[in-house]
Amino acid sequence: MDKQIAYIGLGIGLFTALVIYNSTRKLELVEVVDPTQTDTKSFDHASLPVNLKPPYRLADGEPLMTARRKGINGISFKPRFDR
Amino acid sequence: MIYTIPTKYEEITLVVKVFTESPVKIRLKVIDAEQPNTTFTDRFKTIEGEAVFFVRMPVSAKNVLVYVYNENNGNLAKNLDKTFDVLSITKEPLEKKLDIIDFGNPYIKSFVNFSTRFCYNAGSLASGNYTSDDKMFVIKYMPIIEDNGTEQTTPARIDIENGIIEISKRQFVDYSIPNRMAILLHEFSHVYINDNIDDEVEADLNGLLIYLGLGYPRIEAFEVFAKTFINAPTEQNKVRYDKIRNFIENFETKNTYLYE
């Protein structure tokens with residue numbers, strides 16, 4: 001029984017050490033020397049994961065549907081970020 | 001100098017360690033290696049000895065380019081600039097405080113998803129009207145925001161009658177992703193979280209609570225408000241800036257609302 005607990009403890013310790021090592025290890029620094037490597041012209045949104053894909057773009061003339069939380073009857077104003 | 005770092009779309013904190021022999025103004029920029037106009041941070045620090053930049057990235061790209069250079073010399077290759085040295089770049093887990101965000105509120109859950117996807121891609125999106133998957137929110141991504149033919153200085157505003165957010169593409173393209181998120185969460189808060197719909201300070205702090213809880217960098221929040229208030233230096237904006245600074249500085253310890 002004691003042996004089992006020791007093995008379990010050892011396993012947990014190794015796993016924790018592995019997680020810490022993997023999450024903090026230094027990356028090999030690869031310097032970009034050719035400016036064409038920073039070219040972004042070939043980007044395609046289709047290659048993005050689902051949680052980062054652009055939101056749906058409505059077609060021109062398509063009605064704007066929104067859930068309104070509250071409004072002031074007859075009064076319309078637009079709070080701006082800068083004031 | 002520029003380094004390529006594989007970030008695999010993970011949520012991470014990028015830790016960049018820099019060394020200088022004498023005081024040097026070091027510029028650090030992290031941009032998407034593939035998508036144009038997509039910046040994760042753009043900041044500087046004057047360093048003497050060893051210093052560390054922590055770049056919080058709740059969203060990241062497949063690969064990022066990390067620019068580190070002496071602001072006075074410009075961006076030179078490593079062998080051409082001996083005034084500083086990049087000691088290491090590491091990826092560490094991102095610290096978030098999701099428990100302070102009310103994800104039980106369907107508006108917040110939907111808007112965080114929508115705004116994250118919009119902000120990450122805004123640098124390469126065409127003008128037009130964008131909507132969340134559940135059609136709850138709409139952003140009008142306009143070339144500029146104008147009233148009566150005059151371009152407005154604000155990067156964004158929200159119509160309280162219908163919740164539609166208008167964004168100036170001309171201004172948004174140059175903002176970093178965290179800057180964009182701070183702006184959108186502010187506008188969202190006006191209509192969907194605030195008790196007083198037109199209270200700017202309340203919208204600032206409600207938006208910041210979500211922004212900081214998601215793990216976005218503090219410095220980028222300061223920056224976006226400072227940039228905006230420089231163009232509109234009113235007494236109210238001075239008060240707003242002081243409250244924002246207080247809120248961000250106390251966020252780690254208090255997580256509470258400081259507005260009256």
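Scoring rules and cut-offs
Residues numbered from 1 in each chain as written. Chains lettered and ligands numbered in written order. Predicted model: local features only at pLDDT ≥ 70, side-chain atom pairs only at ≥ 80, totals over all residues. Helix = DSSP H or I, 4+ residues; strand = E, 2+ residues; numbered from the N terminus. Expected span 1.5 Å × (residues − 1). Buried ≥ 20, exposed ≤ 12 C-beta atoms within 10 Å, placed from the backbone. Contact = placed C-beta atoms within 7 Å. Nonpolar A, V, L, I, M, F, W, Y, C, P; charged D, E, K, R; others polar. Pairing = 2+ DSSP bridges. Axes fitted to C-alpha atoms, helices over the stretch in contact; angles between N-to-C directions. Domains from an automatic or database assignment. Parallel < 35°, antiparallel > 145°, perpendicular 65-115°, else oblique. pLDDT = per-residue confidence, 0-100. Left-handed = near helix turned anticlockwise from the far one by under 90°. Core = buried A, V, L, I, M, F, W, Y, C linked by C-beta atoms within 7 Å.

Trainee: Honestly, helix 1 (residues 106-121) of chain B in this entry has me stumped. Any pointers?
Mentor: An α-helical turn contains 3.6 residues, so any two residues separated by three or four positions project in the same direction. Residues and elements named next belong to chain B. Helix length check: helix 1 (16 residues) gives 23 Å between terminal C-alpha atoms against 22 Å at 1.5 Å per residue, within 8%. Residues Phe111, Val112, Phe114, Ser115, Thr116, Arg117, Phe118, Cys119, Tyr120 and Asn121 constitute the buried set of helix 1. Packed against the buried residues of helix 1 are strand 6 (128-131), strand 7 (138-142), helix 3 (177-192) and helix 4 (200-213).

Trainee: Help me understand the interface of chain A and chain B in this model?
Mentor: How big an interface is tends to be expressed through the accessible area that disappears when the partners come together. Opposite the 38 residues of chain A that make contact, chain B presents 62 residues. Only helix 1 (2-24), strand 1 (30-31) and strand 2 (56-57) of chain A provide two or more residues apiece to the side of chain A that touches chain B. Considered class by class, the residues forming the side of chain A that touches chain B number 18 nonpolar, 8 polar and 12 charged. Of the pairings in the sheet, the one linking strand 1 of chain A to strand 1 (residues 2-6) of chain B comprises 2 bridges and is antiparallel in character. Residue pairing across strands places Glu31 of chain A opposite Tyr3 of chain B, the latter belonging to strand 1 of chain B.

Trainee: How should the sheet that holds strand 10 (residues 156-158) of chain B be read in this particular structure?
Mentor: With mixed pairing, the 5 strands of this open sheet are ordered in space as 2(A)-6(B)-7(B)-11(B)-10(B). Because the sheet does not close on itself, it has two edges, and the strands there are strand 2 of chain A together with strand 10 of chain B. When strand 6 of chain B meets strand 7 of chain B, the two strands line up antiparallel, connected through 4 bridges. Its bridge partner being in strand 7 of chain B, Tyr130 of chain B is matched across the sheet by Ile139 of chain B. Against the sheet, helix 3 of chain B contacts strand 10 and strand 11 (165-168) of chain B, and its axis sits at roughly 15 degrees relative to strand 10 of chain B.

Trainee: Would you mind going over the domain arrangement of chain B with me for this structure?
Mentor: Residue and element names in this part refer to chain B. Structurally, chain B comprises domain 1 (2-93) and domain 2 (98-250). One C-alpha centre belongs to domain 1, the other to domain 2; they are set 26 Å apart. Every contact between the two is made by 13 residues of domain 1 and, on the other side, 13 residues of domain 2. Classifying every residue of the side of domain 1 that touches domain 2 by side-chain character gives 5 nonpolar, 5 polar and 3 charged.

Trainee: Sorry if this is basic, but what is going on with the packing of helix 5 (residues 218-231) of chain B against helix 6 (residues 235-250) of chain B here?
Mentor: A pair of packed helices is captured by two measures, namely the crossing angle of their axes and the spacing between those axes. Residue and element names in this part refer to chain B. In the contact formed by helix 5 and helix 6, the axes pass within 11 Å of each other and the chain directions differ by 175 degrees. Taken together, the axes of helix 5 and helix 6 lie roughly antiparallel to each other. Facing Arg218, Ala221, Phe222, Phe225 and Phe229 of helix 5, the residues of helix 6 in contact are Asn237, Tyr241, Ile244 and Ile248. In terms of residue class, the contact of helix 5 with helix 6 is built from 7 nonpolar, 1 polar and 1 charged.

Trainee: Teacher, can you tell me more about the confidence of the model for chain A here?
Mentor: It should be kept in mind that the predicted coordinates are not to be read in detail where pLDDT is low. Averaged over every residue, the pLDDT of chain A is 76; the share at 70 or more is 70%. Considering only residues more than four positions removed or in separate chains, one finds that residues 70-76 of chain A, a stretch of pLDDT under 50, has 5 contacts.

Trainee: Which parts of the structure should I look at to understand the packing of helix 4 of chain B against helix 6 of chain B?
Mentor: Residue and element names in this part refer to chain B. Between helix 4 and helix 6, the least distance of the axes is 10 Å, while the angle of their chain directions is 25 degrees. By the angle between their axes, helix 4 is roughly parallel relative to helix 6. Taken as a pair, helix 4 and helix 6 cross one another with a handedness that is right-handed. Residues Glu200, Val201, Asp204, Leu205 and Leu208 of helix 4 form the contact with helix 6, whose participating residues are Gln236, Arg240, Lys243, Ile244, Phe247 and Ile248. A per-class count over the contact of helix 4 with helix 6 returns 6 nonpolar, 1 polar and 4 charged.

Trainee: How should the nonpolar core be read in this particular structure?
Mentor: Note on soluble globular proteins: their nonpolar side chains tend to be buried together. Residue and element names in this part refer to chain B. Residues Val16, Val64, Val66, Met181, Leu184, Leu208 and Tyr211 are the most contacted members of the largest nonpolar core, which totals 71 residues. Ranked by residues supplied to this core, first place goes to helix 3 with 9 residues. Shared between two domains, this core holds at least three residues of each, these being domain 1 (2-93) and domain 2 (98-250). Sequence-distant contacts of Val66, defined by excluding residues within four places in its chain, comprise Ile2, Tyr3, Ile5, Val16, Val30 and Ile89.

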